[in-house]
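Here are the chains, one letter per residue:
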Amino acid sequence: MSYKRFTTIAGKTIITRMTDSSFVKCEKGRRPKMNPTSAAVAKINKINQERELTAKLNANFKPGDWWLTLSNEAGVTVEESMAKINKLKRGIQRYCKRNGIPYKMIEAVGIGSLKGKVHHHIVLNNEVPIEAVYTYWPMEEVFAQPLKGYNYQKVAAYILKNAEESKDKRGKYMKAFRCSRQVTRPEQRAEEMKRAASYDAEDLKPRKGYRIDRDSIRIYEHPITGAACLEYIEVSTSQEPRIKHYYKGRPARWEGLYQSELEEQISLDDIMSMEW
């Protein structure tokens, strides 16, 4: 059996994931993964998207950067709101280019569960003054606050939760979030471990100069492969993080999104054998 550790340096945080094998447990050892159900796919896709979005947020943003919610009046459609937000993006991009400042934005569209209003969640670097946002979106419909701390996992979880709840109402705008080109995805590196992790949160020890964000700890069985998984995030305790690059192991691809089988699909033989 093989054991792997995936490590990502993202800003002042270190994201770690440990897992045993990529095969499903069964009575006679292990066998290849099965066709996933829609529930299993939804669960692991949420975990994978949250991990990737957290890495992007932690690597590209800092305390004081903007965390914005842009609202609309009742009756504004998703298409109308997307046209508005795209105009805002182009305008902010031009502003940044003209003033020689970076343009880093992550945006997601959602629909309120109570009043059904279309809105956008945005994370934006604070070199962009809030007045530039007001040029394209009414001030009274903008809720702005600064990011705090260095681990934005809860921001990522909130963005994805809102996107998931409204995905069936957004038509063709199904993507959970969108990033500007200057938003980078940090490198993930994989290395073989000689022994399995304990998968006990009490056994976790932080690296020197870091603390473990206890709220970030996630222990679960991969809903598709059946592998045991442990994830957690360490945050630097000093202004200058001790570890800026990770060289162990090899570069590893981020786990992609899975597709579920059509659970309602049945064979022609099954249809022919039915009693009508």
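Structure's up top.
Everything quoted here is computed from the prediction, not taken from an experiment.

Here we take up the overall build of the protein. The helix and strand tally for the protein stands at five helices and 13 strands. Taken over 276 residues, the protein has a buried fraction of 47%. Summing over all exposed atoms, the protein offers an accessible surface of approximately 16,000 Å²; the carbon and sulfur share of this is 51%.

The next thing to look at is the environment of Tyr150. Inspection of the secondary structure assignment puts Tyr150 in the loop between β8 (142–146) and α4 (153–166). In this structure the C-alpha to C-alpha distance between Tyr150 and Thr13, which are 137 residues apart in sequence, comes to 7.1 Å. In this structure, Tyr150 is in contact with Lys12, Thr13, Asn58, Pro63, Val235 and Gln239, ignoring residues within four places of it in sequence. Here Lys12 takes part through its side chain, which lies 3.4 Å from a polar atom of the side chain of Tyr150.

Per the stated rule, a full pass over the model turns up one aromatic pair. Centre to centre, the rings of Trp67 and Tyr158 are 6.3 Å apart; their planes meet at 85°, and the pair counts as edge-to-face. Here Tyr158 lies in helix α4 and Trp67 lies in strand β5 (residues 66–70), a separation of 91 residues in the sequence. Judged by relative accessible area, Trp67 falls into the buried class, the value being 12%.

This next bit is on the pairing of β5. With respect to burial, β5 is a largely interior element, five of its five residues being buried. Because side chains alternate across β5, one face comprises the buried residues Trp66, Leu68 and Leu70, and the other comprises Trp67 and Thr69, equally buried. Bridge analysis of β5 against strand β7 (residues 118–124) gives five bridges, and the strand direction is antiparallel. Pairing of Leu70 across the sheet is with His120, part of β7. The pairing of β5 with β8 spans five bridges and is antiparallel. Paired with Thr69 across the strands is Phe143, a residue of β8.

On to the sheet that holds strand β6 (residues 105–111), then. In a beta sheet, neighbouring strands are held together by backbone hydrogen bonds and run either parallel or antiparallel to one another. A sheet is described by the order of its strands in space; here five strands give the open sequence β8-β5-β7-β6-β9, paired in antiparallel fashion. If you trace the sheet from one side to the other, it starts and ends with β8 and β9 (178–179), each paired once. Packing against the sheet, helix α2 (residues 78–99) makes contact with β5, β6, β7 and β9, and its axis sits at approximately 20° to β7.

Time to look at α2. For α2, spanning 22 residues, the distance from its first C-alpha to its last is 31 Å, which sits close to the expected 32 Å at 1.5 Å a residue. Where α2 is concerned, the buried positions are Val78, Ser81, Met82, Ile85, Leu88, Lys89, Gly91, Ile92 and Cys96. Of the surrounding secondary structure, the elements contacted by the buried residues of α2 are β5, β6, β7, α3 (130–134) and β9.

So, on to a positive patch on the surface. On the surface, Lys87, Arg90, Arg94 and Arg98 cluster together into a positively charged patch. Its place among the elements puts Lys87 in helix α2.

Moving on to the nonpolar core. Within the largest apolar cluster, 23 residues are counted, with the highest numbers of intra-cluster contacts made by Leu68, Leu70, Leu88, Ile92, Leu124 and Val133. Elements with a contribution of two residues or more to this core: β5, α2, β6, β7 and α3. The greatest single-element share of this core, amounting to six residues, is contributed by α2. Leaving out residues up to four positions away in the same chain, Leu68 has contacts with His120, His121, Ile122, Leu124, Ile130, Val133, Val142, Phe143 and Ala144. If you look at the next biggest cluster of nonpolar residues, it comprises 17 residues, including Leu57, Ile159, Leu160 and Ala176.

The next point concerns the environment of Glu140. By the secondary structure assignment, Glu140 is in the loop between α3 and β8. Glu140 sits 68 residues away from Asn72 along the chain, and the two C-alpha atoms are 9.9 Å apart.

About the criteria used
Residues numbered from 1 in each chain as written. Predicted model: local features only at pLDDT ≥ 70, side-chain atom pairs only at ≥ 80, totals over all residues. Heavy atoms only, no water. Helix = DSSP H or I, 4+ residues; strand = E, 2+ residues; numbered from the N terminus. Buried < 20%, exposed > 50% of the residue type's maximum accessible area, 1.4 Å probe, protein only. Areas by Shrake-Rupley, 256 points an atom, 1.4 Å probe, with all protein chains shown as cover. Contact = heavy atoms within 4.5 Å. Polar contact = N/O pair within 3.5 Å; in protein donor to acceptor, adjacent residues only side chain to side chain. Phe/Tyr/Trp six-rings, centres within 6.5 Å; stacked < 30°, edge-to-face > 60°. Pairing = 2+ DSSP bridges. Axes fitted to C-alpha atoms, helices over the stretch in contact; angles between N-to-C directions. Expected span 1.5 Å × (residues − 1). Patch = residues over 30% accessible without salt bridge, like charges linked within 9 Å, V, L, I, M, F, W, Y side chains within 5 Å. Salt bridge = Lys/Arg side-chain N within 4 Å of Asp/Glu carboxyl O. Lys, Arg positive; Asp, Glu negative; His and termini not counted. Charge placed at Lys NZ, Arg CZ, Asp CG, Glu CD. Core = buried A, V, L, I, M, F, W, Y, C linked by side-chain atoms within 4.5 Å.

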